[in-house]
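A look at the structure
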Amino acid sequence: MIADLESRQRVELTQQPNAASITYRQATNAYVVPIRIPILRDGAVAYILTALIKPDAFSRLISTQRLSETWISGLVDATGHFIARSPPRSPTEMASADFRAAIRTSAEGWYRGLTVEGIEMYTSHKTSGFTNWSVGVGIPISEVNAAAYRAAALIAFGALFTFGLAFWFAFRTGRRIAAPITDLVAAARLVGAGKAPPDAPTIAGIREVRDVAQALVEASNAIHQREARIAHEQSLLRAADRAKDEFLAMLGHELRNPLSAVSNAAIILQKPGLSTENRLAAQSI
């Protein structure tokens with residue numbers, strides 16, 4: 001008696017080996033997986049060699065993978081019934097609805113769903129094109145998320161460390177720049193007040209700031225030199241002005257007496273009845 005007549009007929013029709021679904025064998029009172037291989041004679045199937053594999057063989061294969069105790073791994077046949085599983089489930093049971101939906105959608109992939117125990121897991125799966133059996137490995141969401149949380153924590157720590165390092169570097173660089181800028185401001189105020197800035201301000205090794213400070217010193221020196229020239233020129237102008245005033249005063253003093261005599265002589269010449277002697281004297285003056 002053949003328990004799985006459909007697999008036998010498929011082997012006879014395709015003339016290809018076939019792995020059937022798990023079936024219950026009454027003769028041995030146990031579940032087995034029939035593996036059927038056609039024996040051909042003259043291009044036709046002469047007979048079919050069948051090996052009945054116990055599910056324990058597949059269970060041993062799963063156990064040798066040494067998966068974590070919290071993980072779930074299982075092998076199901078084309079109908080969705082369990083062939084082997086860790087932790088064990090009866091062959092009369094079918095894989096979870098989420099697993100069956102996933103293998104119907106894609107021959108290979110992963111999904112997030114519930115197991116037959118109701119545990120939410122991330123499960124990867126793959127379906128064999130030869131047997132149409134599917135294998136799945138499930139990892140609890142908490143373990144996957146824990147790894148993600150650790151990675152996120154490491155990233156956050158790295159970001160905070162980088163931010164702190166950048167803040168320290170910016171603060172240190174800012175101080176190196178702020179001190180020279182403060183010195184420049186003080187030097188500029190001294191120049192604005194007409195005082196000479198210090199010849200060697202504290203510059204902290206910044207070439208541009210040092211150049212500006214040197215320019216302020218040179219500008220202050222130029223201003224003082226210009227002011228000295230202006231003061232010298234003003235003193236010369238004041239001396240020239242005094243010389244002019246003295247010259248005009250002296251000129252007025254020197255001209256006053258002769259002009260008075262000329263003026264008096266002109267007045268005398270205008271008088272009627274002037275004697276010839278007096279007229280000649282006035283004309284002589």
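Residues numbered from 1 in each chain as written. Predicted model: local features only at pLDDT ≥ 70, side-chain atom pairs only at ≥ 80, totals over all residues. Heavy atoms only, no water.

This part is about the overall build of the protein chain. Each helix and strand in the protein chain was counted, giving 6 helices and 9 strands. The C-alpha radius of gyration computed for the protein chain amounts to 60 Å, which surpasses the reference 19 Å derived for 285 residues by more than 25%, pointing to a less compact arrangement than a globule. For the protein chain, the spread of C-alpha atoms along the principal axes amounts to about 190 × 40 × 35 Å. When burial is assessed residue by residue, the protein chain has 22% of its 285 residues classed as buried. Just so you have it, the protein chain exposes about 19700 Å², and 61% of that area is on carbon and sulfur atoms. Distance between charge centroids for the protein chain: 2 Å, based on 30 positive and 25 negative side chains. (Helix = DSSP H or I, 4+ residues; strand = E, 2+ residues; numbered from the N terminus. Rg over C-alpha atoms; globule rule 2.2 N^0.38 Å. Buried < 20%, exposed > 50% of the residue type's maximum accessible area, 1.4 Å probe, protein only. Areas by Shrake-Rupley, 256 points an atom, 1.4 Å probe, with all protein chains shown as cover. Lys, Arg positive; Asp, Glu negative; His and termini not counted. Charge placed at Lys NZ, Arg CZ, Asp CG, Glu CD.)

A few words now on the pairing of strand β4 (residues 44-53). As paired elements, strand β3 (residues 30-41) and β4 share 9 bridges and run antiparallel to each other. Across the sheet, Leu40 pairs through a bridge with Val45, a residue of β4. Counting the residues between successive antiparallel strands, the hairpin from β3 to β4 contains 2 residues, one of them, Asp42, with a positive phi of roughly 55 degrees. (Pairing = 2+ DSSP bridges.)

Another point: the packing of aromatic side chains. On inspection of all chains with the given rule, the structure shows 3 aromatic pairs. Plain terms: the ring middles of Phe58 and Trp133 are 5.5 Å apart, the flat faces sit at 85 degrees to each other, and that makes the pair edge-to-face. With Phe58 in helix α2 (residues 55-63) and Trp133 in the loop between β8 (120-127) and β9 (134-140), this pair connects stretches of sequence that are 75 residues apart. A single burial state applies to Phe58 and to Trp133, both of which are buried. (Phe/Tyr/Trp six-rings, centres within 6.5 Å; stacked < 30°, edge-to-face > 60°.)

A separate point is the side chain of Ser73. In this fold, Ser73 is placed in strand β5 (residues 72-76). For Ser73, a relative accessible area of 7% puts it in the buried group. Excluding anything up to four places from it in sequence, Ser73 contacts Ile62, Leu67, Arg85, Ser86, Gly136 and Val137. (Contact = heavy atoms within 4.5 Å.)

Turning next to the nonpolar core. What tends to happen in soluble globular proteins is that the nonpolar side chains get buried as a cluster. Membership of the largest hydrophobic core is limited to 9 residues, which are Ala19, Ile22, Val33, Phe58, Ile62, Leu75, Ile83, Ala84 and Trp133. Looking at this core, the elements with two or more residues in it are α2 and β6 (82-86). The next biggest cluster of nonpolar side chains, apart from the first, holds 6 residues, and it includes Val76, Phe82, Phe99 and Ala102. (Core = buried A, V, L, I, M, F, W, Y, C linked by side-chain atoms within 4.5 Å.)

In the structure shown here, the tally under the stated rule is 9 salt bridges. The partner of Arg8 in a salt bridge is Glu12, with the nearest N and O atoms 2.9 Å apart. With Arg8 and Glu12 both in helix α1 (residues 5-14) and 4 residues apart, the pair spans about one turn of that helix. Residues Glu120 and Arg112 are paired through a salt bridge, measuring 2.9 Å at the closest nitrogen-oxygen approach. (Salt bridge = Lys/Arg side-chain N within 4 Å of Asp/Glu carboxyl O.)

Ser86 connects to Pro87 through a cis peptide bond whose omega is -5 degrees. Locating Pro87 in the fold gives a position in the loop between β6 and α3 (97-105). Its identity is not glycine, yet Asp42 carries a phi of approximately 55 degrees, on the positive side. If you trace the backbone, Asp42 turns up in the loop between β3 and β4. Under the relative-accessibility criterion, Asp42 is labelled exposed at 85%. In this model, Asn132 sits at a positive phi of 65 degrees, which is unusual for a non-glycine residue.

A contiguous nonpolar patch, built from Phe247, Leu248, Met250, Leu251, Leu255 and Leu259 and spanning about 570 Å² of accessible area, is present on the exposed surface. Considering the arrangement of structural elements, one finds Leu255 in helix α5 (residues 207-269). (Patch = residues over 30% accessible without salt bridge, like charges linked within 9 Å, V, L, I, M, F, W, Y side chains within 5 Å.)

Turning next to the sheet that holds β9. One open sheet holds the 5 strands; their spatial order is β6-β5-β9-β8-β7, and the pairing between them is antiparallel. With one partner strand each, in any of the chains shown, β6 and β7 (108-114) form the two edges of the open sheet. On average, each strand axis in the sheet is tilted by 20 degrees relative to the strand beside it, whichever way the strands run. Along the sheet, α2 makes contact with β5 and β6, crossing β6 at roughly 35 degrees. (Axes fitted to C-alpha atoms, helices over the stretch in contact; angles between N-to-C directions.)

Residue alternation in β9 divides its side chains into a buried set, Ser134, Gly136, Gly138 and Pro140, and an unburied set, Val135, Val137 and Ile139. Two strands pair when backbone bridges link them, and β5 and β9 are joined in this way by 5 bridges, in the antiparallel orientation. Its bridge partner being in β9, Ser73 is matched across the sheet by Val137. Two elements, β8 and β9, share 7 bridges in a ladder whose sense is antiparallel. In the sheet register, Lys126 faces β9, and the bridge partner there is Val135. What sits between β8 and β9 in their antiparallel hairpin is a turn of 6 residues, with Asn132 showing a positive phi close to 65 degrees.

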